Amino acid sequence: MTEAGGRGAPHEKQPKIKLNNGKEMPMLALGTWKSEAGEVERAVQDAVRLGVRHIDTAEMYDNQDEIGSALERLFSEGVVRRQDLWVTSKLHNKNHARVREACQDTLKQLRLDYLDAYLMHWPIATDDDLNPIPGPPIEEVYHKMEELMDAGLAKSIGVSNFSVKKLRSLLKEARIKPQINQIEGHIYFRNEYNIHYCNVHGIHVTAYSPFGSPDSASMSGRKVDISYPLHDPMVIKIAEKHNKHPAQVLLRWELQRGVSTAFKAVSPEHIQSNLEALDFELPQDDMRALTTIAYTMRFVDGAKWWVRENGPIKSLTDLWDGEELTGWPPGVSTYAWLSSDKL
Ligand SMILES: NC(=O)c1ccc[n+]([C@@H]2O[C@H](COP(=O)([O-])OP(=O)(O)OC[C@H]3O[C@@H](n4cnc5c(N)ncnc54)[C@H](OP(=O)(O)O)[C@@H]3O)[C@@H](O)[C@H]2O)c1
């Protein structure tokens, strides 16, 4: 992680990570999943004006047109220059057979000439109604993404929701190593097995849902009375000790463990407060306490969306290859794996 300095305007404080292609990506992103029409345009404008320099979006979020309006305004008013803002978008599952066209559609919606990063959103092909279907092989889809990088339409490429098993087979075929794997990551689902594999292979991990995605409970089919990281007693205790908000502690923990992270917020108070995660440091004992919480929960497991008895993904294991429950496949002992040649 390269720090841009602890002082100055918030945008000058954005830590960046150098990807395996040499591009420097701001580590704290504004996420936009579930940010509704009518609120996302303002949220993106507020965030950039407040100092955020990375916007994370996707065709599947169905709000790229509004985000495009916000970007157009921010550039035309000189709030930020194009080269100083990082925009990540993702290939929709329904477009695995039309990668270039999908990227061009996304660029048009966002009113951009290029994306800083374009990720394969899920290793799953679907029809237009989001029903999983047997699509082209993942490696073939990825080769089309490599061509986007060749053409300058995406400066960096990567994947999302890829297990170690799927990354391993992708790496055997890839001409351009993915720069990023975007996966769920927070104190209740640290995803260390996947992160460690990515570190060893020079793939940067962006951790999504740092607060456990509380606003996706109903659409993901989760119980409502579940524990969330923002309400964890350990997080609250550490936040009180440092006179910080629990959200700031959760974001700080992500950055200090070396992953970038995308938080979703539409309220300007939340955005402002979350940016203040850049203004302090967690001591090692707090980092350790947060990294050893025993409770495990994958909030965005995809069960409701992708797993169908009669579809190509019949179980969570088909999707996550054993990483579904704790992030560690059964039978893999942490120490044995880390010191083995399985990497
Ligand atoms: N690649 C993928 O498949 C994938 C999957 C999931 C997420 N993501 C990305 O990661 C982003 C973040 O994940 P997420 O949207 O699942 O959820 P999240 O960031 O874990 O949580 C979002 C919720 O936290 C609230 N919040 C934000 N800041 C807060 C604060 N300071 N205090 C209290 N509450 C706060 C938000 O409220 P308000 O909105 O009301 O401010 C919203 O309800 C997504 O938006 C998306 O860009 C990617």
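No experiment lies behind these values; they were computed from the predicted model shown.

Here is what the cut-offs are and how they apply
Residues numbered from 1 in each chain as written. Predicted model: local features only at pLDDT ≥ 70, side-chain atom pairs only at ≥ 80, totals over all residues. Helix = DSSP H or I, 4+ residues; strand = E, 2+ residues; numbered from the N terminus. Rg over C-alpha atoms; globule rule 2.2 N^0.38 Å. Buried ≥ 20, exposed ≤ 12 C-beta atoms within 10 Å, placed from the backbone. Contact = placed C-beta atoms within 7 Å. Near = placed C-beta within 6 Å. Axes fitted to C-alpha atoms, helices over the stretch in contact; angles between N-to-C directions. Parallel < 35°, antiparallel > 145°, perpendicular 65-115°, else oblique. Nonpolar A, V, L, I, M, F, W, Y, C, P; charged D, E, K, R; others polar. Core = buried A, V, L, I, M, F, W, Y, C linked by C-beta atoms within 7 Å. Left-handed = near helix turned anticlockwise from the far one by under 90°. Pairing = 2+ DSSP bridges.

## Here's the deal with the overall build of the chain
Regarding its fold elements, the chain presents 14 helices and 12 strands. Its C-alpha radius of gyration of 19 Å places the chain within 12% of the 20 Å reference for a compact globule of 343 residues. Its C-alpha atoms give the chain principal-axis dimensions of about 50 × 50 × 40 Å. Counting only residues that meet the buried cut, the chain has 45% of its 343 residues in that class. Long-range pairs, those at least 24 residues apart, make up 71% of the contacts in the chain with a sequence separation of at least 6.

## Notes on the site of the ligand
Neighbouring the ligand are 31 residues; Gly31, Phe211, Ser213, Ala247 and Lys264 lie closest to it. At the level of elements, strand 12 (260–264) and helix 10 (268–275) are the ones that each hand at least two residues to the shell around the ligand.

## Section: the packing of helix 2 (residues 64–76) against helix 3 (residues 99–110)
Direction vectors running N to C along helix 2 and helix 3 enclose 50 degrees, while the axes themselves pass 6 Å from each other. Viewed along their axes, helix 2 and helix 3 adopt a mutual orientation that is oblique. Contact residues: Gln64, Asp65, Ile67, Gly68 and Leu71 in helix 2; Thr106, Gln109 and Leu110 in helix 3. For the contact of helix 2 with helix 3, the per-class residue count stands at three nonpolar, four polar and one charged.

## What to know about the nonpolar core
Residues Val44 and Tyr118 are the most contacted members of the largest nonpolar core, which totals 79 residues. Non-local contacts of Val44, meaning those with residues more than four positions away in its chain, are made with Leu30, Ile55, Ile67 and Ala70.

## Details of the packing of helix 3 against helix 4 (residues 138–150)
Direction vectors running N to C along helix 3 and helix 4 enclose 50 degrees, while the axes themselves pass 9 Å from each other. Here helix 3 is positioned oblique relative to helix 4, judged by the angle of their axes. Crossing angle aside, the handedness with which helix 3 passes helix 4 is right-handed. Each of Val99, Arg100 and Cys103 in helix 3 lies in contact with helix 4, whose residues at this interface are Val141, Lys144, Met145, Glu147 and Leu148.

## Topic: the pairing of strand 10 (residues 180–184)
Every other side chain in a regular strand lies on the same face of the sheet, so the side chains alternate between the two faces. Taking burial as the measure, the five residues of strand 10 include five buried ones, the bulk of the element. Pairing geometry for strand 9 (residues 154–160) and strand 10, over three bridges, is parallel. Bridge pairing in strand 10 places Ser160 opposite Gln182. Strand direction decides the pairing type here: strand 10 and strand 11 (residues 204–208), joined by five bridges, are parallel. By the bridge assignment for strand 11, Ile183 is matched with Ala207.

## Some points on unusual backbone geometry
Glycine aside, a negative phi is what most residues show, and trans is what most peptide bonds show. For Leu130, which is not glycine, the phi dihedral falls at a positive 65 degrees. Positionally, Leu130 belongs in the loop between strand 7 (125–126) and strand 8 (132–133). At Ser213, a residue that is not glycine, the phi angle is positive and equals roughly 55 degrees. Following the sequence through the fold, Ser213 ends up in the loop between strand 11 and helix 7 (217–220).

Read these as geometric descriptors, not functional statements.
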